[in-house]
Amino acid sequence: MKFLKKLLKWFLITIGVIIILLYVFDYSYILKGVRVVYFTGHNTAFIDDYPYFENDTIKKGTHTNPWPYHKAYNSVKETKKLSEVHKDWGTIAYLIIKNDSIWFENYYNGFSNDSKTNSFSMAKSITTSLLGKAIMEGYIKSLDQPLSDFYPEYKDAKTTVGDLASMASGLDWVEDYTGPFSITARANYDDDLAETMLNQKIVETPGKKFKYLSGDTQLLGMVIQKATGKSLANYLSESFWEPMGATEDALWQLDDGKHRLAKAFCCISSNARDFARFGKLYKDHGKWNGKQLLDSAFVAKSITPRFKESPQYGYGWWLKDIGDKHFFMMRGHLGQYVIVEPNDNVIIVRLGHRKSPDQDVGQFTNDITVYIEEAYKMLEK
């Protein structure tokens, strides 16, 4: 018993020393990560984590615009393969929207059509939409405006806002989702995100090649906020959420209650139906119910590859061809997708806990092809 007490004493002392060292060397964000993830029974970020963070509200308007139901709504059952992968990969929402009407939808594991879950990196497409809006409204001159116009910390760099939007900034950043000491982990759990970002240097020539970096979108969000003088949540609400008739308020995670900087690279909590609205907006060239919410030229540029060597990415949107079909999409870390085939007037939405394990940052995982192919099998019945 005496030995156990002594062992416990030294264990507590060791833990205390580790905690002190984390604070001394500015790694205290790791403690928040441990508390949010491991103390809640998870081993990575999870889709309904928003209650563990400060959030800003993305307000819906007084006039909502629910999706209409297709005349063939849910008349076709999901395929056997879809049922299997939904179970294997923890799907919580799957929608097929045809001709701007909900053709099929199903929810799983206790989630429903108004359940809020984390967008993860689908937020990058939404943040880039806000860039287009800020250019349209004159807050930002063009895609070619230098980052240094907004943050003189980058006066020696030639990075533009367009470089940030197309993942070509040259930023010193390693996109690592597993290492606790990675800059990506720090960005997700740190309490002063602006300080973290402005300490990151430009180390490669910008505007030359695609390299997927969450830091690019975070800097872009900071630029938009500084240019407009509005929080990202408020600007998103007035620019898109309200005029597109979103039916529910959404949430945008913040770094903390003091600094209140939105995590522009991720973490908008909403539902499948409201996320799908951005697919329709881009499918319809920036127009919603006859009103031009986003410049059509910006939309076209966003869903066209910037670099020939990287045909999978435009400005904030992913691009993928399957056969003779051309898809553009929003993508999130754990398999959050809004997938659009404009020629077929089809939008596919999938939200869930996991994706297929063949992950390679900057490339496509196999689950995307499965969700597309199985949706088309259903549509062809």
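Structural data are supplied above this passage.
Fair warning: this is a prediction, and the values are worked out from it, not measured in the lab.

Peer 1: Any details on the overall build of the protein chain? Residues and values, ideally.
Peer 2: Counting its regular elements, the protein chain contains 12 helices and 12 strands. Relative to the compact-globule value of 21 Å for 381 residues, the protein chain shows a C-alpha radius of gyration of 21 Å, a close match. Referenced to the eigenvectors of the C-alpha coordinate spread, the extents of the protein chain come out at roughly 75 × 55 × 45 Å. Taken across its 381 residues, the protein chain has 56% of its residues classed as buried. Taking contacts inside the protein chain between residues at least 6 apart in sequence as the whole, the part at least 24 apart equals 70%.

Peer 1: I'd like to hear about the state of the cysteines, residue by residue, with values.
Peer 2: Considering all chains together, one arrives at one disulfide under this definition. Sulfur-sulfur distance for the disulfide between Cys266 and Cys267 comes to 2.0 Å. Classification of the bridge connecting Cys266 and Cys267 rests on its S-S torsion, roughly -80°, and on that basis the disulfide is left-handed. By relative accessible area, which is 4% here, Cys266 ends up buried.

Peer 1: Residues and numbers for helix 2 (residues 29-37), please.
Peer 2: Every buried residue of helix 2 is accounted for by Tyr29, Ile30, Lys32, Gly33, Val36 and Val37. Buried residues of helix 2 fall within an arc of 155° about the axis and therefore sit on the same side.

Peer 1: Lay out the pairing of strand 2 (residues 91-98) in plain terms, naming residues and giving numbers.
Peer 2: Counting buried positions along strand 2 gives seven out of eight residues, so the element sits mostly inside the fold. Judged from the seven bridges that link them, strand 2 and strand 12 (residues 346-352) form a sheet pairing that is antiparallel. Within strand 12, the residue paired with Tyr94 across the bridge is Arg350. Of the pairings in the sheet, the one linking strand 2 to strand 3 (residues 101-107) comprises six bridges and is antiparallel in character.

Peer 1: Break down the packing of aromatic side chains for me, citing the residues and quoting the values.
Peer 2: Counted under the stated rule, the structure contains 18 aromatic pairs. One aromatic cluster in this structure is built from Trp89, Tyr94, Phe104, Tyr337 and Tyr371. For Lys263, the ring lying beneath its charged end belongs to Phe53, and the centroid distance is 3.9 Å. When the ring centre of Trp318 is taken as origin, the NZ or CZ atom of Arg331, which lies over that ring, is 4.3 Å away.

Peer 1: I'd like a rundown of the packing of helix 4 (residues 122-136) against helix 10 (residues 272-283), residues and numbers included.
Peer 2: Closest axis-to-axis distance for the helix 4/helix 10 pair is 11 Å, and the angle between their directions is 50°. Here helix 4 lies oblique to helix 10, going by the angle between them. Considering the relative orientation of helix 4 and helix 10, their crossing is left-handed. Taking contact as the criterion, the partners of Met122, Ser125, Ile126 and Ser129 in helix 4 are, on helix 10, Phe275, Phe278 and Tyr282.

Rules behind the numbers
- Residues numbered from 1 in each chain as written.
- Predicted model: local features only at pLDDT ≥ 70, side-chain atom pairs only at ≥ 80, totals over all residues.
- Heavy atoms only, no water.
- Helix = DSSP H or I, 4+ residues; strand = E, 2+ residues; numbered from the N terminus.
- Rg over C-alpha atoms; globule rule 2.2 N^0.38 Å.
- Buried < 20%, exposed > 50% of the residue type's maximum accessible area, 1.4 Å probe, protein only.
- Contact = heavy atoms within 4.5 Å.
- Disulfide = S-S within 2.5 Å.
- Arc of directions from axis to C-beta.
- Pairing = 2+ DSSP bridges.
- Phe/Tyr/Trp six-rings, centres within 6.5 Å; stacked < 30°, edge-to-face > 60°.
- Lys NZ or Arg CZ within 6 Å of the ring centre and 35° of its normal.
- Axes fitted to C-alpha atoms, helices over the stretch in contact; angles between N-to-C directions.
- Parallel < 35°, antiparallel > 145°, perpendicular 65-115°, else oblique.
- Left-handed = near helix turned anticlockwise from the far one by under 90°.

No statement about biological role is implied by the geometric values presented.
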